[in-house]
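If you want the building blocks of each chain, they are given just below.
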Amino acid sequence: QVQLVESGGGLVQNGGSLRLSCAASGRTFSSYRMGWFRQAPGKEREIVASIRRSGGITYYADSVKGRFTISRDNAKNTVYLQMNSLKPEDTAVYYCAVGVTTYDYWGQGTQVTVSS
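Here we summarise the structure given alongside this text. (Residues numbered from 1 in each chain as written. Predicted model: local features only at pLDDT ≥ 70, side-chain atom pairs only at ≥ 80, totals over all residues. Heavy atoms only, no water.)

1. Let's talk about the sheet that holds strand E1 (residues 3-7)
Filter applied, for reference: Whether two strands pair depends on DSSP finding at least two bridges between them. Numbered from the N terminus, helices here are DSSP runs of H or I no shorter than four residues, and strands are runs of E no shorter than two. To get an axis, fit a line to the C-alpha atoms, keeping to the stretch in contact for a helix; angles then go from 0 to 180 degrees between the N-to-C directions.
With antiparallel pairing, the four strands of this open sheet are ordered in space as E1-E3-E8-E7. Looking at strand neighbours, the two that pair on one side only are E1 and strand E7 (68-73), the edges of this open sheet. Going from strand to strand, the sheet's axes swing by 15 degrees on average, the running direction of each strand aside. When E1 meets strand E3 (residues 18-25), the two strands line up antiparallel, connected through five bridges. Note on E3: the bridge partner recorded for Leu 4 is Ala 24.

Structure (structure tokens):
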């Protein structure tokens, strides 16, 4: 059974940093794309960043470019999201997801709250 478990969320002040982790289990995900999404209250879920299986190709939403960095460790089946210079508008539940062509598996989410 595939399981994704996020960790690293919490409360941080404006301008602070957090590092999210997502550990995947149930199969080997080295050939899967991995991504981070977020959903703020009253808003639709949006993609934040993604990384291809090789780790060489990444995508970032314009709102986080230059502040967030996605990375993966295939040996650990883990994807990370380093978030720097956090802003109150980054407040949301953050989800990791993995898949081949679509995102088929999702974590339960971790809350990130940035206080002003």
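2. Examining the packing of aromatic side chains
Quick reminder of the rule: Ring pairs are drawn from Phe, Tyr and Trp, using the six-membered ring of Trp, whenever the two centres fall within 6.5 Å, and their geometry is named by plane angle: stacked under 30 degrees, edge-to-face over 60, tilted for the rest. Summary of the burial criterion: residues with accessible area below 20% of their type's maximum are buried, those above 50% are exposed, and those between are partly exposed, where the area comes from a 1.4 Å probe applied to protein chains only. Any Lys NZ or Arg CZ that is within 6 Å of a ring centre and within 35 degrees of that ring's normal is treated as a charge sitting over the ring.
Counted under the stated rule, the structure contains four aromatic pairs. Between Phe 29 and Tyr 32, the ring centres sit 5.1 Å apart and the planes meet at 75 degrees, which makes this aromatic pair edge-to-face. Taking relative accessible area as the criterion, Tyr 32 reaches 10% and is therefore assigned buried. Each ring, one from Phe 37 and one from Tyr 103, has its centre 5.1 Å from the other, and the planes form 85 degrees; the classification is edge-to-face. Note that Phe 37 is positioned in strand E4 (residues 33-39) and Tyr 103 in the loop between strand E9 (92-99) and strand E10 (105-106), a separation of 66 residues in sequence. Judged by relative accessible area, Phe 37 falls into the buried class, the value being 10%. The structure contains a cluster of three or more aromatic residues connected by ring pairs, namely Phe 37, Tyr 103 and Trp 106. Its guanidinium or amino end placed over the ring of Tyr 80, Arg 19 lies 4.0 Å from that ring's centre, counting from NZ or CZ. The side chain of Arg 45 reaches across the aromatic face of Trp 106, ending 4.0 Å from its centre.

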